[in-house]
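Listed here are the chains, written in short residue letters.
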Amino acid sequence: MKALVLISGGIDSTTCLALAVKEYGHENVIGLSIFYGQRHDKEIEAANAVCEYYQVEHITLDLSTMFQFSDCTLLSHSDGEIPEESYAEQLEKTDGKPVSTYVPFRNGLFLSSASAIALSKGCSKIYYGAHADDAAGNAYPDCSEAFNQAMNTAIYEGSGKQLQIEAPFINKNKAGVVALGLSLNVPYHLTWSCYEGHDKACGKCGTCIDRKRAFIENGTTDPIEYES
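Residues numbered from 1 in each chain as written. Predicted model: local features only at pLDDT ≥ 70, side-chain atom pairs only at ≥ 80, totals over all residues. Heavy atoms only, no water.

**Focus: the side chain of Gln90**
Mapped onto the elements of the fold, Gln90 is located in helix α3 (residues 87–91). At 2.9 Å, the side chain of Gln90 and the backbone oxygen of Glu85 are in polar contact. Among all residues touching Gln90, those that are not within four sequence positions of it are Pro83, Glu85, Val99 and Gly206. (Helix = DSSP H or I, 4+ residues; strand = E, 2+ residues; numbered from the N terminus. Polar contact = N/O pair within 3.5 Å; in protein donor to acceptor, adjacent residues only side chain to side chain. Contact = heavy atoms within 4.5 Å.)

Following this line, the structure appears as structure tokens:
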């Protein structure tokens, strides 16, 4: 059996890659990184470093034109500022809508694209790193368990029952993902989560805040450097 892993270069997808390599062996795992018009390419660089570390094939795909009409603050053409506060603080201002860093239906597009590649490469599984913290409060609705189940059904049926999604962290929080990754000796020093593209992670955006907290809750220090 072979598996394709959506790898962004962050903590969750890198831990997914480690799980897939453990399960199938590095020769049967493919990493897929997608450029979607984000402000920087540091996460793609991190994904490449992680794939080299695990000695897996690494494919990149450009879907940036799909998001050219979006004003999501993660995108390079957006004039919006990336919020420097936790997701919980951001959600207090959204009236139940996703946060400003939600890229419209990104995981749906990523999983659909991954399915076409996975089938062409003889894979039977697609791994992606959605976790409960991202889905909480509807911050990122395409990380929810309901979304995952719906996409899994669609991809399974649409592939002639050849392909399924694995979302191993769908009911875990970020600290739980890190705990598992630490037990697998995941090279977190190679990863990048920050929404900004500076030399060091900003330490202030929602994903930096979540990441730092996850390591603290595991009684250890994040191996990357932060500006603050």
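**Remarks on the packing of helix α1 (residues 11–24) against helix α2 (residues 42–54)**
α2 packs onto α1 with a crossing angle of 20° between their chain directions and a minimal axis gap of 11 Å. Looking at the two axes, α1 sits roughly parallel to α2. For the element pair α1 and α2, the recorded crossing hand is right-handed. Facing α1, whose interface residues are Thr14, Leu17, Ala18 and Val21, α2 presents Val50, Cys51 and Tyr54. Partitioning the contact of α1 with α2 into residue classes produces 6 nonpolar, 1 polar and no charged. (Axes fitted to C-alpha atoms, helices over the stretch in contact; angles between N-to-C directions. Parallel < 35°, antiparallel > 145°, perpendicular 65-115°, else oblique. Left-handed = near helix turned anticlockwise from the far one by under 90°. Nonpolar A, V, L, I, M, F, W, Y, C, P; charged D, E, K, R; others polar.)

**Some remarks on the nonpolar core**
Nonpolar side chains tend toward joint burial in soluble globular proteins. Leu4, Leu6, Leu32, Leu111, Tyr128 and Tyr140 are the most contacted members of the largest nonpolar core, which has 47 residues in total. Those elements that place two or more of their residues in this core are β1 (3–6), β2 (29–35), α4 (106–120) and α6 (145–158). The leading source of residues in this core is α4, at 5 residues. Contact partners of Tyr140, with chain neighbours within four places excluded, come to Tyr87, Val99, Thr101, Tyr102, Asp134, Ala135 and Tyr195. Ranked by size, the runner-up nonpolar core spans 26 residues in total, among them Val5, Ala18, Tyr24 and Val50. (Core = buried A, V, L, I, M, F, W, Y, C linked by side-chain atoms within 4.5 Å. Buried < 20%, exposed > 50% of the residue type's maximum accessible area, 1.4 Å probe, protein only.)

**Quick look at α1**
For α1, spanning 14 residues, the distance from its first C-alpha to its last is 20 Å, which sits close to the expected 20 Å at 1.5 Å a residue. Counting buried positions along α1 gives 12 out of 14 residues, so the element sits mostly inside the fold. Regarding α1, the residues found buried are Ile11, Asp12, Ser13, Thr14, Thr15, Cys16, Leu17, Ala18, Leu19, Ala20, Val21 and Tyr24. Among the structural elements, β1, β2, α2, β4 (125–127), α7 (174–183) and α8 (206–217) are those in contact with the buried residues of α1. At the exit of α1 stands Gly25, carrying a positive phi of roughly 90°. (Expected span 1.5 Å × (residues − 1).)

**Some points on the pairing of β1**
Along any regular strand, the residues point their side chains to alternate faces of the sheet. The alternating pattern of β1 places Ala3 and Val5 on one face and Leu4 and Leu6 on the opposite face, and all of these are buried. Direction of pairing for β1 relative to β2: parallel, over a ladder of 4 bridges. Paired with Val5 across the strands is Gly31, a residue of β2. Tracing the backbone out of β1, into α1 and back to the parallel element β2 gives a crossover that is right-handed. (Pairing = 2+ DSSP bridges. Right-handed = clockwise from strand over helix to strand, strands pointing away.)

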